[in-house]
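Spelled out from the first residue to the last, the chains are:
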Amino acid sequence: MCLGIPMKIVSITGDRAEAVADGMHSDISIQVIDEVKVGDFVLVHAGYAIEIVQAEEAEETLDMLRVLLNVKKPDGEQEAP
Amino acid sequence: MSISTKQVKLGHGGGGRMAIQFLDEVIRPRFSNTALDSLDDAALLKLESDRIAMSSDSMIVKPVEFAGGNIGKLAICGTANDLAVSGARPRFLSMALIIEEGLDFALLERLLDSAAETASSIGVSIVCGDTKVVPRGEVDGIFFNTTGIGELDPRLSLGIGRIRTGDAVLSSGTLGDHGATIMVARESLGITGGLSSDCAPVAELCSRLYELGNDLHFMRDPTRGGLIAVASEIVHQQKFSIRLFAKHIPLKGATRAACELVGVDPLSLACEGRVITVVAADAAESALELMRADPLGAEAAIIGEVIENPAGRLLLQTSIGTERVIIQADEDPLPRIC
Amino acid sequence: MSLGAQGNAFQSPELTKALAERIDATLQGRPLRIMHVCGTHEHAVGNYALRSLFPPSVKLIGGPGCPVCVCPAADIEQAMQLARQGLIVATFGDMMRVPANQQSLADLRSEGADLRIVGSVADAVHLARANPDRELVFFAVGFETTACTFAAAVLADPPKNFSMLTSIRQTPPAVDALQTLDDNKLDGYLLPGHVCAVIGLKPFAHLNEQGAFLSVAGFEPVEIMHGLLLIAEQARDEAPRADNAYRRLVRYDGNTAAIRAMQQAFKLADSTWRGIGSIPGSGYVLRDELETLDARKRYDLPPSENIDASMPKGCACGEVLTGQIAPQQCPSYGRSCTPPHPLGPCMVSFEGSCRIAYTFEGFDREN
């Protein structure tokens, strides 16, 4: 299963962390990612964080696409992590 | 209370003194009303209308307590809501319990307190009932059955047969919250919080909608199978179809996130405090206003329309503007949700 | 993926449509046959009806991106054997209903065997701890995205009564195998976003030398269309590259911690893919020093390399998995094979092409 959603780390205890997505709280393992800190977004799959989500890359990609395709950023559009 | 027991015992559901004590000390104080207080073998009732609706529901949900509610609250909501969406004001309920010997007594009291509070909040009386206790292992914890009667509002004529092309489809609020909460409570998904059942009695909200009279064509509470089950049933073998608008379907963030994590469609998950309505096109805005005036209808929305072509299908306009069919799954995604 | 109302920016209808138009303008009618190798990509495409936005000359074909589908019957039989011996066998939900030779794990469970559904390997470890007087085997089926979680569990000091029956496969060798098929008319591949988040783009890059156009993509509509645009541009320029349309998650070298964990827990092995056959070096098995955690060694089961790859009788999953036919072209689809009565794994697994097609299209009895 490749199902996974981005979640925000709110606290870390050793190899485990508490993460939140849209108000949903989850208890996850951060054993297989390096150097994650509180406030980072991670991709959670089957109870594990499998990679850190690079918010700046997300922003850059979206900006690039909007410019390329001449699409305006809507007001109040919720940004993706 | 002179029952000082920590667990439910076989005698509490039997024919002897323990059962009488149970009735007198646990049931009567919580549900007192004229009919119940003078109860013989049957409750003697007086109704204001000769057009009566009757409905029954058995509750086997697991776990029995969950964020936002419990099986006791659900037992009242299940039957009262069925009556309300049929256009009837719920008045009287029976309540039968089948309890596993050894059930924690404090838990039982919490469940009954919830049932009493919920019934009282919509002016419904529990007028008769029954308690059985079976040996350990012969039932899972506790099962409820409620059967209720209500008085039909004379202004209404509800049913799939009243639905017309051009009608609007509305939801009284966010969808899938109850099912998602149960799913999270049951499956160990590592999800520790944020979800809450929408379990609530919708009698008041429905009675506001009765003002629409003839313009109110159809109502249903989306329990097992969620919105998809209701909408699929409506269009089945009909000459019209329903097109839902993904962009307008209200969903709680936490419900959506949990569903994405697990790969389940929130539109197929049960609600226990929501109403799906189909109204005449020019009554849609009024319907919205009426629902939003109710505390349970704050997020009411127009979520779809009844269309002429094709026939008999359920369609979804996706959030990116493309269109596809919605196929009702052959099986329940989640058992024992109510 | 998101099914609800207000989404995030990667679900923008304007961007999605603009990307579709841009792909059309870039290709100007040039045909493009691209395969994806991830059931979750197929699910997203179906959920958003993305194919309705593609220019007619663009074909996105589903491949063997379903680990449950390609798990051989012999592996399932081994799980059954352990369950019959009285062990607790824990596995993912959709694995339970896959027909092996005669029956499925779910059938065995209704006969009284102790088979448990878990959502993650961590649940299985938890179950083992909760049942210290029983032996528990986790039937570990997955590709790299999930394999790194299996590795993590194995390296995190699991309880002594816990072991794994592995059926783990790698995606790049499967793509290499597809490239060798005589009738492969593919121009390139849309690479799986979460597999690449773990292993990086690097393991696929060599396909450029064979002329394959490549881009990794995420799972939101904008991300999938962006990946296809990058491939379209490569096609226009006749310049194969390994592009990255999922930069917020995929690094060229992947997640080094996850890769390290897999290297510490697993070694390469040949592996049989159900419906396809044996693909050299495409599997992961537990390293020799972890033999107490390897259910095959612990309970004396034979290794599962070079075994029967056949699908159940009447099932054409093999042709669906290699992209030779679409689910709807299988004569059993919607007739003798439906989600409640599946003939084969592609109609059982949440990542199976047939089940996904049925979910979003059903079966038109008029055809």
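Please refer to the structure placed before this passage.
The shown structure was predicted, so the numbers you read here are calculated from the model rather than taken from an experiment. (Residues numbered from 1 in each chain as written. Chains lettered and ligands numbered in written order. Predicted model: local features only at pLDDT ≥ 70, side-chain atom pairs only at ≥ 80, totals over all residues. Heavy atoms only, no water.)

K.L.:
Could you give an account of the overall build of chain B, with specific residues and numbers?
P.N.:
Per the secondary structure count, chain B includes 9 helices and 14 strands. Over its C-alpha atoms chain B spans a radius of gyration of 21 Å, differing by no more than 12% from the 20 Å that the globule rule assigns to 338 residues. Expressed as lengths along the three principal axes of its C-alpha atoms, the size of chain B is roughly 65 × 50 × 35 Å. By sequence separation, contacts in chain B at least 24 residues apart represent 84% of the contacts at least 6 residues apart. Surface accessibility of chain B: about 13,700 Å² in total, with carbon and sulfur atoms responsible for 49%. (Helix = DSSP H or I, 4+ residues; strand = E, 2+ residues; numbered from the N terminus. Rg over C-alpha atoms; globule rule 2.2 N^0.38 Å. Contact = heavy atoms within 4.5 Å. Areas by Shrake-Rupley, 256 points an atom, 1.4 Å probe, with all protein chains shown as cover.)

K.L.:
Please give an account of the interface of chain C and chain A that cites residues and values.
P.N.:
Each side of the interface is counted separately: chain C has 47 residues, and chain A has 33 residues. Together chain C and chain A conceal approximately 3,300 Å² of surface at their shared face, both sides included; 67% is due to carbon and sulfur atoms. The tally of links between chain C and chain A comes to 2 salt bridges. A salt bridge links Asp-34 of chain A to Arg-260 of chain C; the shortest N-O distance between them is 3.4 Å. Our count for the chain C to chain A interface comes out at 8 residue pairs in polar contact (both at pLDDT 80 or more). Elements represented by at least two residues in the side of chain C that touches chain A include exactly helix H1 (13-27), helix H5 (121-130), helix H6 (144-155), helix H8 (193-199), helix H10 (221-237) and helix H11 (256-265) of chain C. When residues in the side of chain C that touches chain A are grouped by element, the largest group, 7 residues, is from H6 of chain C. (Buried area = accessible area lost by both parts, 1.4 Å probe. Salt bridge = Lys/Arg side-chain N within 4 Å of Asp/Glu carboxyl O. Polar contact = N/O pair within 3.5 Å; in protein donor to acceptor, adjacent residues only side chain to side chain.)

K.L.:
How would you explain the sheet that holds strand E1 (residues 32-36) of chain C if you had to name every residue and give the values?
P.N.:
Residues and elements named next belong to chain C. The sheet built from 5 strands is open, its strands ordered E2-E1-E7-E8-E9 with parallel pairing. The sheet terminates laterally at strand E2 (58-62) and strand E9 (242-245), the two strands that pair on one side only. On average, each strand axis in the sheet is tilted by 25° relative to the strand beside it, whichever way the strands run. Strand direction decides the pairing type here: E1 and E2, joined by 5 bridges, are parallel. Directly across from Arg-33, in E2, lies its bridge partner Lys-59. (Pairing = 2+ DSSP bridges. Axes fitted to C-alpha atoms, helices over the stretch in contact; angles between N-to-C directions.)

K.L.:
Explain H5 of chain C to me, and be specific about the residues and the numbers.
P.N.:
Each turn of an α-helix holds 3.6 residues, which means side chains three or four residues apart point in the same direction. Burial in H5 of chain C covers these residues: Val-121, Asp-123, Ala-124, Val-125, Leu-127 and Ala-128 of chain C. For H5 of chain C, the elements touching its buried residues are strand E5 (48-53) of chain A together with strand E3 (88-91), strand E4 (115-117), strand E5 (136-142), H6 and strand E6 (162-169) of chain C. (Buried < 20%, exposed > 50% of the residue type's maximum accessible area, 1.4 Å probe, protein only.)

K.L.:
An account of the interface of chain C and chain B is needed here, citing residue identities and associated values.
P.N.:
Residue-level contacts link 26 residues of chain C with 21 residues of chain B. Listed by contribution, the elements that provide at least two residues to the side of chain C that touches chain B are H1, helix H2 (39-47) and helix H14 (353-361) of chain C. It is H14 of chain C that provides the largest number of residues to the side of chain C that touches chain B, a total of 4 residues. Split into classes, the residues belonging to the side of chain C that touches chain B amount to 12 nonpolar, 10 polar and 4 charged. (Nonpolar A, V, L, I, M, F, W, Y, C, P; charged D, E, K, R; others polar.)

K.L.:
So, the sheet that holds strand E12 (residues 301-307) of chain B: which residues are in play, and what are the values?
P.N.:
Residues and elements named next belong to chain B. Sheet architecture is open: 7 strands sit in the order E9-E11-E7-E12-E10-E13-E14, paired in mixed fashion. Single-partner strands in this sheet number two, and they are strand E9 (216-220) and strand E14 (323-325). This sheet shows a mean twist of 25° between the axes of neighbouring strands, independent of strand direction. With 4 bridges connecting them, strand E7 (residues 168-171) and strand E11 (residues 276-279) associate as antiparallel partners. Looking at E11, one finds that Ser-171 is bridged to Ile-276.

K.L.:
Any details on unusual backbone geometry? Residues and values, ideally.
P.N.:
Omega for the peptide link from Lys-62 of chain B to Pro-63 of chain B comes to 0°, which places this bond in the cis form. Within the fold, Pro-63 of chain B resides in the loop between strand E1 (52-59) and strand E2 (65-66). One non-glycine residue, Glu-35 of chain A, adopts positive backbone phi at about 45°. Along the polypeptide, Glu-35 of chain A turns up in the loop between strand E3 (24-29) and strand E4 (41-45).

K.L.:
Account for the pairing of E3 of chain A, with residues named and values stated.
P.N.:
Where strand E2 (residues 16-21) of chain A lies against E3 of chain A, 6 bridges are found, and the strand directions are antiparallel. Looking across to E3 of chain A, one finds that Ala-21 of chain A is bridged to Met-24 of chain A. Counted along the chain from E2 of chain A to the antiparallel partner E3 of chain A, the turn is 2 residues long, and its residue Asp-22 of chain A has a positive phi close to 55°. By the bridge criterion, 2 bridges tie E3 of chain A to strand E8 (residues 191-193) of chain B in an arrangement that is antiparallel. Looking across to E8 of chain B, one finds that His-25 of chain A is bridged to Gly-193 of chain B.

K.L.:
Could you give an account of the nonpolar core, with specific residues and numbers?
P.N.:
If you look at the biggest cluster of nonpolar residues, it comprises 110 residues, and the most contacted ones within it are Phe-138, Phe-139, Phe-162 and Phe-266 of chain C. For this core, the element with the most residues is H6 of chain C, which contributes 7 residues. Counting 60 residues, the second largest nonpolar core, distinct from the first, contains Phe-22, Met-59, Ala-116 and Met-291 of chain B. (Core = buried A, V, L, I, M, F, W, Y, C linked by side-chain atoms within 4.5 Å.)

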